Amino acid sequence: MTGPDARQPSTSRAAPERTCVGCRRKADRSRLLRVVAAGDEPVTPSGSVVLVPDPRTRLPGRGAWLHPATDCLDLAVRRRALGPGRGPAGTGHHTPGAHNTDQRAPPPPPPS
């Protein structure tokens, strides 16, 4: 078909978008960092979840996308958006800037 009604295949594609689990804003995938739980045992005996960055997006498992900023990491931990099942699994204590989040509530105080 020729003329004004002919459709040309588009050569440009929209960049894939992902949502930051911290601030919940959408951004191009190239502007976010993917993190995944490390290894076969991502939860340490203390209840911490060990996260590893996956800049090449090749590691297995369900990853989470974050802006590479501590503010977004802090928000993600506060929202309990990281960790096993990404559900409400504890208090989410962490060290800012660390790739390790504690997903277990602290033990109760000893009886008096």
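These lines cover the structure that appears in this document, whether it is placed above or below. (Residues numbered from 1 in each chain as written. Predicted model: local features only at pLDDT ≥ 70, side-chain atom pairs only at ≥ 80, totals over all residues. Heavy atoms only, no water.)

Before going further, it helps to spend a moment on the overall build of the protein chain. Counting its regular elements, the protein chain contains 1 helix and 7 strands. Going residue by residue from the N terminus, the α and β elements of the protein chain occur as β-β-β-β-β-α-β-β. Buried positions account for 29% of the 112 residues belonging to the protein chain. Restricting the contact set of the protein chain to residue pairs at least 6 apart, pairs at least 24 apart contribute 48%. (Helix = DSSP H or I, 4+ residues; strand = E, 2+ residues; numbered from the N terminus. Buried < 20%, exposed > 50% of the residue type's maximum accessible area, 1.4 Å probe, protein only. Contact = heavy atoms within 4.5 Å.)

With that settled, the discussion passes to the environment of Pro53. Locating Pro53 in the fold gives a position in strand S4 (residues 48-53). What makes Pro53 partly exposed here is its relative accessible area of 37%. Each C-alpha atom, one on Pro53 and one on Arg34, is 6.0 Å from the other, the two residues being 19 residues apart in sequence. Not counting chain neighbours up to four residues away, the residues in contact with Pro53 comprise Leu33, Arg34, Val35 and Leu59.

Here the focus is the environment of Thr19. Position of Thr19 relative to the elements: it lies in strand S1 (residues 17-19). Taking relative accessible area as the criterion, Thr19 reaches 27% and is therefore assigned partly exposed. A sequence separation of 47 residues divides Thr19 from Leu66, and the C-alpha atoms of the two residues are 7.7 Å apart. If we ignore the near neighbours within four places in the chain, the residues touching Thr19 are Arg24, Arg25, Lys26, Leu32 and Trp65.

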